[in-house]
Amino acid sequence: MFSWFLSFFASKKSSEIYHFGRFITYKKTAKQDQFYQASKKAFLEQRYVQGYEYYFKFLHFYDEHGQDQGNITCTREVDSLHFKIIQGSAVIHGVITQRHLKATVNLAHTLKDNIAVMRRLLEKNYMYTYSSFYLQDETLKSKIYFDNVSLSPQKKYFFH
């Protein structure tokens, strides 16, 4: 019945260590602060893809030796930006265009439907504005969808 819950306790060994999460603003460099200000300016000028690029540079975590820890990767295309953010055990994949930001993350693997869990997720979906839960194949996922016109770096900051 709770087989989907066991996936939370499955041990996965990883040689990579990523520092990202609630201490994201701790010890930001002057250069990173410049990226944040550049992101705000790009958003005001409606250059959203460029604004997100600056914002991701602001979020990057650097260790005490100035080495980038690789918690965020971006690939710029002509009119879009594809990104991957690693936050703890979550890997968030997304794409940004001039108009929208779309991102998804896998939450849990399910082996069969659980009525109580599905009901709870349906209730949560009703409460959320920018995100929702959904089931794809046997994977429970969450997605976010933003309209860039109504978003700013200050608002984005509280969603990461």
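Quick note: structure is the one above.
Quick summary incoming for the structure in this document. In this text, all values refer to a predicted model and were calculated from it rather than measured experimentally.

### So, the nonpolar core
Part 1: Counting 18 residues, the largest nonpolar core has Phe56, Phe83, Ile96 and Leu101 as the members making the most contacts within it.
Part 2: Broken down by secondary-structure element, the contributors of at least two residues to this core are helix 2 (30-44), helix 3 (48-59), strand 2 (80-87) and strand 4 (100-109).
Part 3: A total of seven residues in this core trace back to one element, the largest contributor, which is helix 3.
Part 4: Those residues in contact with Ile96 that lie beyond four places of it in its chain are Val49, Tyr52, Phe56, Asp79, Ser80, Leu81, Phe83, Leu101 and Asn148.
Part 5: Among the nonpolar cores identified, the runner-up in size contains five residues, and Ala108, Val117, Leu121 and Leu140 belong to it.

### Considering the pairing of strand 4
Part 1: When strand 3 (residues 90-97) meets strand 4, the two strands line up antiparallel, connected through five bridges. By the bridge assignment for strand 4, His93 is matched with Thr104.
Part 2: Examined bridge by bridge, strand 4 and strand 6 (residues 139-147) share nine bridges and lie antiparallel to one another. Looking at the pairing, Ala108 lines up with Leu140 of strand 6.

### Details of the sheet that holds strand 4
Part 1: Strand order in this open sheet of six strands is 1-2-3-4-6-5, and the pairing throughout is antiparallel. The open sheet has two free edges, formed respectively by strand 1 (72-76) and strand 5 (131-136), since each of these has just one partner strand. Strand-to-strand, the axes of this sheet are offset by a mean angle of 20°, without reference to chain direction.
Part 2: The sheet strands contacting helix 3 are strand 1, strand 2, strand 3 and strand 4, and the helix crosses strand 2 at an angle near 25°.

### Notes on a nonpolar patch on the surface
Part 1: The grouping of Tyr126, Met127 and Tyr128 at the surface amounts to a nonpolar patch, some 410 Å² of accessible area in total.
Part 2: Here Met127 is to be found in helix 4 (residues 115-127).

### Digging into helix 2
Part 1: Compared with an ideal rise of 1.5 Å per residue, which puts 15 residues at 21 Å, helix 2 spans 21 Å between its outermost C-alpha atoms and is within 8% of the ideal.
Part 2: Within the sequence span of helix 2, burial applies to Gln32, Phe35, Tyr36, Ser39, Ala42 and Phe43. Buried residues along helix 2 cover an arc of 125° about the axis, so they all sit on one side. Away from its buried face by more than 90 degrees, helix 2 exposes Ala30, Lys31, Gln34 and Leu44.
Part 3: Immediately beyond the C-terminal end of helix 2, within one or two residues, lies Gln46, with a positive phi of roughly 60°.

Rules used in this analysis
- Residues numbered from 1 in each chain as written.
- Predicted model: local features only at pLDDT ≥ 70, side-chain atom pairs only at ≥ 80, totals over all residues.
- Heavy atoms only, no water.
- Core = buried A, V, L, I, M, F, W, Y, C linked by side-chain atoms within 4.5 Å.
- Buried < 20%, exposed > 50% of the residue type's maximum accessible area, 1.4 Å probe, protein only.
- Helix = DSSP H or I, 4+ residues; strand = E, 2+ residues; numbered from the N terminus.
- Contact = heavy atoms within 4.5 Å.
- Pairing = 2+ DSSP bridges.
- Axes fitted to C-alpha atoms, helices over the stretch in contact; angles between N-to-C directions.
- Patch = residues over 30% accessible without salt bridge, like charges linked within 9 Å, V, L, I, M, F, W, Y side chains within 5 Å.
- Areas by Shrake-Rupley, 256 points an atom, 1.4 Å probe, with all protein chains shown as cover.
- Salt bridge = Lys/Arg side-chain N within 4 Å of Asp/Glu carboxyl O.
- Expected span 1.5 Å × (residues − 1).
- Arc of directions from axis to C-beta.

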